[in-house]
Amino acid sequence: MWRLSSVPSEHANDNTMFPGGMLRLRWVMLLPCLLLVSVPFSATFRVASPWGWRCVNETCVKEENDGLQTLPHLSTCKLTCARDGVLWPRPTGILQLGDQTVHFLLESLTLQGVTAPNDEIKQLIKKAFHIFKDHVAKNLPEEGGRPLLMGPFRKKTRIHRVMVEVTVTERATRLSLETSEAYTLGVTTLGPHTNATILASNFFGARHALETLSQLIEYDEATGALQILSTAAISDSPVFKYRGILLDTSRNFFPVKAIERTLDTMAANKLNTFHWHITDTQTFPLYLESLPNMAYYGAYSSRKVYYPADIRHLVEYGRVRGVRVLPEFDAPAHVGNGWQWTKKYGLGELVLCLDKQPWKLYCWGRPCGQLNIVNNNTYLVLGQIYKEMVDLFSPLDMFHFGGDEVKINCWNTTEEFVAYMEENGLSRDLQTFHDMWADFQRKALKLLTSANGGKNIPGIVWTSSLTDENILKYLDPQQYIIQVWTTADDPTIGNLLNKGYRIILSNYDSLYLDCGNADTYRSGESWCGPYNPWQTVYDNSPDKIATHFTGSPQRNLVLGAEAPLWSESVDVGSLDAKLWPRGSALAERLWTNPLTNWESAEIRLIHHRQRMVTRGVRADRIQPQWCHQNEGLCYLK
């Protein structure tokens, strides 16, 4: 039976693990069966568990400890049993994981050495190591890293030192489409010392290696210590260059802390692009020092504004985590609130059809608003917006122009616009309106390049009628990347690839994370449905989509994919659950590009979801906890 008593610390022996008269367990065999006798005890007491896990054919099988043989805890089995361990995303190169763990304490985990071309990179690596160590610390229970349970199954534990060495050879400190994110990671153990050696061409690969290393570590409840695989050899690099999440902060505002958490979780999944849809018709929450009226008129409140210090902080926050922050300024549609001041300041009405009803006649989504592209002052303001955005998000390697869902009828029913066309002898046919829209896009690109100090960078635009086969001539494939938001079977994809355009896939039938909700403005389902579960996201293969249209994967043109979260019915309260773990499914599809479907990844994803929750992410549940503890028993055979 168990007898529990409180013992002063001066009488502590090897069985007393907490100072100050905290709980001590004495084991006395009084009956053939176990009987728990209740006496006063410390708040740190925890009920022991009789269960252990045995590795059988790469599956952790739950069994009762018989007292003669002590089976490892679930966390140990998860680390050591399956060929891929619990790594997410699964590495693409060499993957050799040992079947033994060694134990260590948080204070014995150190950055032993950094070899890098300059001090800036050394400092980046030190920051990344600090983040890594913080993630490791979150594996510990709230009471700290010492045993909470004691009894016949407790093992004597040898504590190791874990020393990390990082070598980086190149000077790259900013992501681009040409940045290598490859790394190698080796873990070896000799005596009481475990060494983790990281080699990467640049900081970003080294950062990814630290993330992988963190996933070779778990907390061992049986010993109260951290544990790490004693040996491992991994070489790894992503298949796709662009691996993104879009967050819309215009329909609803998201605090800086929520965006930080999103960047943290993207880094945990090796996603590398945070596409920030920062403004739209509903709000203009971005404070611009040269145009303060935009936020003054356009923000929901003074507390729901992103100030320059916020933007610069998030850009750097993402960089240290291997994530580029990519700004989008959507135009000429998707503009409205924030522009109301221009007429009273003598610039004229720079946004047309603002809040016009019935809205379906003048825009694709309420409220309405579209730039007045025949007023030259529009370009003065637009140039100033670009200038500040380039400065805030510097240095940019791409810029998103938005550019979808233009409603020609807005322009065609506005007196000022129609008068301009008549004065210039322009016919009011569809082709002419597209000519004018394309002219706006040329001017926008020129303004951006000027704001960027004359340096030309790729522009991204959404698919629209401007990217239709007969109108596509306006966009230079060397200059523009096309983000496809229509379905995976849209012939536009094949047409774009055949004409040499680089593309990013965001097909809503698999990747829109807001699909499947109720309609935002009336009863019934939303325009896009059904809900895209993680399995659908995981199986959305860019290779298969491209091959369907062209006969080959077109890896040089298909840059990757992105899962958008439009926020009509999302705010900070539901952000994490909407993004994760579905964003994790996207991450493995784009990093690993597995030949298998979702079924072979499910056990790892369930564990990875647990890992994200441990790090403070409110990721959505996939299955009951029972399924995590009983691998393979939740499925129909």
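Everything quoted here is computed from the prediction, not taken from an experiment.

## Side note on the confidence of the model for the protein chain
Then, in step 1: Of the residues in the protein chain, 90% reach a pLDDT of 70 or more, and the chain-wide mean stands at 91.
Then, in step 2: Scored below 50 in pLDDT, residues 1–41 shows 65 contacts in the model against residues more than four places distant or in partner chains.
Then, in step 3: Here residues 147–154 is a poorly scored stretch, pLDDT under 50, and it has 30 contacts once near neighbours within four places are set aside; other chains count.

## Quick notes on the sheet that holds strand β11 (residues 225–229)
Then, in step 1: Spatial strand order, β5-β12-β8-β9-β7-β6-β11-β10: eight strands in an open sheet with mixed pairing. Looking along the sheet, the strands with just one partner apiece sit at the ends: β5 (95–97) and β10 (217–220). Mean inter-strand twist for the sheet, computed between neighbouring axes without regard to direction, equals 25 degrees.
Then, in step 2: The pairing of strand β6 (residues 101–115) with strand β7 (residues 159–168) spans eight bridges and is parallel. Across the sheet, the residue bridging to H103 is I159, located in β7.
Then, in step 3: Seen against the sheet, helix α2 (residues 119–137) touches β6, β7, β10 and β11 and runs at an angle of roughly 170 degrees to β6.
Then, in step 4: Contacts between helix α3 (residues 203–214) and the sheet are confined to β7, β8 (183–190), β9 (193–200), β10, β11 and β12 (232–236), with β8 contributing the most and set at about 45 degrees to the helix.

## Observations concerning the pattern of salt bridges
Should the charged atoms of two oppositely charged side chains come close, the side chains can pair.
Then, in step 1: Summed over all chains, the structure comprises 22 salt bridges.
Then, in step 2: With its nearest N and O atoms 2.6 Å apart, the salt bridge here joins D543 to R555. With a gap of 12 residues between them, D543 in helix α14 (residues 542–550) and R555 in the loop between α14 and β22 (558–565) connect regions that are remote in the sequence.
Then, in step 3: Through salt bridges that share partners, D248, R251, D280 and E568 make up one connected network.

## With respect to the nonpolar core
Then, in step 1: Among the nonpolar cores identified, the biggest contains 112 residues, and W276, F329, W339 and I385 are the most heavily contacted of them.
Then, in step 2: The residues touching F329, leaving out its near neighbours within four places in the chain, are T279, F284, W339, L382, I385, Y386, M389, F399, H400, F401 and G402.
Then, in step 3: Counting 45 residues, the second largest nonpolar core, distinct from the first, contains L79, V187, I198 and L229.

## Focus: the packing of helix α7 (residues 376–392) against helix α10 (residues 430–451)
Then, in step 1: Closest axis-to-axis distance for the α7/α10 pair is 8 Å, and the angle between their directions is 40 degrees. The angle between the axes of α7 and α10 places the two elements in the oblique class. Considering the relative orientation of α7 and α10, their crossing is right-handed. Judged by residue contacts, Y379, L382, G383, Y386, K387 and V390 of α7 engage F440, K443, A444, L447, L448 and A451 from α10.
Then, in step 2: Among the residues making up the contact of α7 with α10, the classes are represented as nine nonpolar, one polar and two charged.

## Let's talk about the pairing of strand β13 (residues 242–248)
A regular strand carries its side chains on alternate faces of the sheet.
Then, in step 1: With seven of seven residues buried, β13 lies mostly within the body of the structure.
Then, in step 2: Burial of the side chains of β13 extends over both faces: Y242, G244, L246 and D248 are buried on one face and R243, I245 and L247 on the other.
Then, in step 3: As judged from the six bridges shared by β13 and β22, these two strands associate in the parallel manner. Paired with L247 across the two strands is L565, which belongs to β22.
Then, in step 4: Bridge analysis of β13 against strand β14 (residues 273–277) gives five bridges, and the strand direction is parallel. Bridge pairing in β14 links L247 to W276.
Then, in step 5: After leaving β13, the chain enters helix α4 (residues 256–268) and then returns to the sheet as β14, a path that is right-handed.

## Looking at the state of the cysteines
Then, in step 1: Summed over all chains, the structure comprises six disulfides.
Then, in step 2: Through a disulfide, C515 is tied to C528; the S-S separation comes to 2.0 Å. Between C515 and C528, the disulfide has an S-S torsion of -115 degrees and is therefore left-handed. Of this pair, C515 sits in the loop between α12 (508–511) and α13 (534–538) while C528 is found in the loop between α12 and α13, placing the two residues 13 residues apart along the sequence. Each member of the pair, C515 as well as C528, is classed as buried.
Then, in step 3: With cysteine numbering restricted to those in disulfides and following the sequence, the protein chain has the pairing 1-4, 2-3, 5-8, 6-7, 9-10, 11-12.

## Details of the side chain of N269
Then, in step 1: Mapped onto the fold, N269 is located in the loop between α4 and β14.
Then, in step 2: Given a relative accessible area of 0%, N269 falls into the buried group.
Then, in step 3: Leaving out residues up to four positions away in the same chain, N269 has contacts with W88, P89, W580, S584, A587, H608 and M612.

## A few points about α2
Then, in step 1: An ideal rise of 1.5 Å per residue puts 27 Å on 19 residues; α2 measures up with 27 Å between its terminal C-alpha atoms.
Then, in step 2: For α2, every residue scored as buried is listed here: I121, L124, I125, A128, F129, I131, F132, H135 and V136. One face of α2 carries all of its buried residues, which in axial projection span an arc of 160 degrees. Summarising the geometry of α2, the exposed residues directed more than 90 degrees from the buried face are D119 and H130.
Then, in step 3: The N-terminus of α2 is capped by N118, whose side-chain oxygen sits 3.2 Å from the backbone nitrogen of E120.

## Points about the packing of aromatic side chains
Then, in step 1: In total, this model carries 28 aromatic pairs according to the counting rule given.
Then, in step 2: Centroid distance Y379 to F440: 6.1 Å. Interplanar angle 45 degrees. Geometry classified as tilted. With Y379 in helix α7 and F440 in helix α10, the pair connects residues that are 61 residues apart, well separated along the chain. Each member of the pair, Y379 together with F440, is buried.
Then, in step 3: Sitting over the ring of F240, R555 keeps its end group 5.5 Å from the ring centre.
Then, in step 4: The ring of Y538 carries R589 above its face, with NZ or CZ at 5.3 Å from the centroid.

The rules behind the values
- Residues numbered from 1 in each chain as written.
- Predicted model: local features only at pLDDT ≥ 70, side-chain atom pairs only at ≥ 80, totals over all residues.
- Heavy atoms only, no water.
- pLDDT = per-residue confidence, 0-100.
- Contact = heavy atoms within 4.5 Å.
- Pairing = 2+ DSSP bridges.
- Helix = DSSP H or I, 4+ residues; strand = E, 2+ residues; numbered from the N terminus.
- Axes fitted to C-alpha atoms, helices over the stretch in contact; angles between N-to-C directions.
- Salt bridge = Lys/Arg side-chain N within 4 Å of Asp/Glu carboxyl O.
- Core = buried A, V, L, I, M, F, W, Y, C linked by side-chain atoms within 4.5 Å.
- Buried < 20%, exposed > 50% of the residue type's maximum accessible area, 1.4 Å probe, protein only.
- Parallel < 35°, antiparallel > 145°, perpendicular 65-115°, else oblique.
- Left-handed = near helix turned anticlockwise from the far one by under 90°.
- Nonpolar A, V, L, I, M, F, W, Y, C, P; charged D, E, K, R; others polar.
- Right-handed = clockwise from strand over helix to strand, strands pointing away.
- Disulfide = S-S within 2.5 Å.
- Expected span 1.5 Å × (residues − 1).
- Arc of directions from axis to C-beta.
- Polar contact = N/O pair within 3.5 Å; in protein donor to acceptor, adjacent residues only side chain to side chain.
- Phe/Tyr/Trp six-rings, centres within 6.5 Å; stacked < 30°, edge-to-face > 60°.
- Lys NZ or Arg CZ within 6 Å of the ring centre and 35° of its normal.

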